[in-house]
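Letter by letter, the chains look like this.
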Amino acid sequence: AVVSTQSTGVHGMLLIRHIKEPWNMELSNKLKKFYFFNAKTRESQYQWPAEAAADFSYTRTSSLVWPWTPSMWTQILQRDPVTDKLLESFLNRVQPVKQKTVDQR
């Protein structure tokens, strides 16, 4: 969700995790279909794992606010909306990405 607060002048994006760790939703390179991957057990499946559903408390405590500076707003307005590459660069600065094997299904 894009967040904007006029009173403080803070703009940015709120990233909400809707799947509990260690589960992640991935996109199959071969089938172009979403599947679920458990980073702890290395298990993967196409059906939604019931234990992966994040409740309100989990989503609230694991959400991340990406504040946009005025210079970033200028960049965003001058090109396509937030791209995967721009988002990935922010996430890598905030929390280093854990290495994992890419599913080649």
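Conventions and cut-offs
Residues numbered from 1 in each chain as written. Predicted model: local features only at pLDDT ≥ 70, side-chain atom pairs only at ≥ 80, totals over all residues. Heavy atoms only, no water. Helix = DSSP H or I, 4+ residues; strand = E, 2+ residues; numbered from the N terminus. Buried < 20%, exposed > 50% of the residue type's maximum accessible area, 1.4 Å probe, protein only. Areas by Shrake-Rupley, 256 points an atom, 1.4 Å probe, with all protein chains shown as cover. Pairing = 2+ DSSP bridges. pLDDT = per-residue confidence, 0-100. Contact = heavy atoms within 4.5 Å.

Caption draft 1: How the structure looks around the overall build of the chain. Counting its secondary structure elements, the chain contains three helices and six strands. The linear arrangement of helices and strands in the chain, starting from the amino end, is β-β-β-β-β-α-β-α-α. Here the chain holds 105 residues, and 21% of them are scored as buried. Taken as a whole, the chain presents about 7900 Å² of accessible surface, with 57% of it coming from carbon and sulfur.

Caption draft 2: Expanded view of the sheet that holds strand S4 (residues 34-38). Spatially, the three strands line up as an open sheet ordered S3-S4-S5, and their pairing is antiparallel. Of all strands in the sheet, those bounded by a partner on one side alone are strand S3 (23-27) and strand S5 (44-45). Note that S4 and S5 share two bridges and pair antiparallel. Of the residues in S5, the one forming a bridge with Phe36 is Gln45.

Caption draft 3: Focus on unusual backbone geometry. A cis amide bond links Glu21 with the next residue in sequence, Pro22, at an omega value of 15 degrees. With respect to the secondary-structure elements, Pro22 resides in the loop between strand S2 (10-15) and S3. Here Lys32, not a glycine, exhibits a phi torsion of approximately 55 degrees, which is positive. Among the secondary structure elements, Lys32 is positioned in the loop between S3 and S4. Positive phi values are uncommon outside glycine, yet Arg42 reaches one of about 65 degrees.

Caption draft 4: View of the confidence of the model for the chain. Mean pLDDT over the chain works out to 76, with 64% of the residues at or above the 70 mark. The least confident element of the chain, judged by mean pLDDT, is strand S1 (residues 2-5) at 52; the most confident is S5 at 95. Below a pLDDT of 50 lies the segment residues 96-105, which in the model reaches 20 contacts outside its immediate sequence neighbourhood of four places, other chains included.

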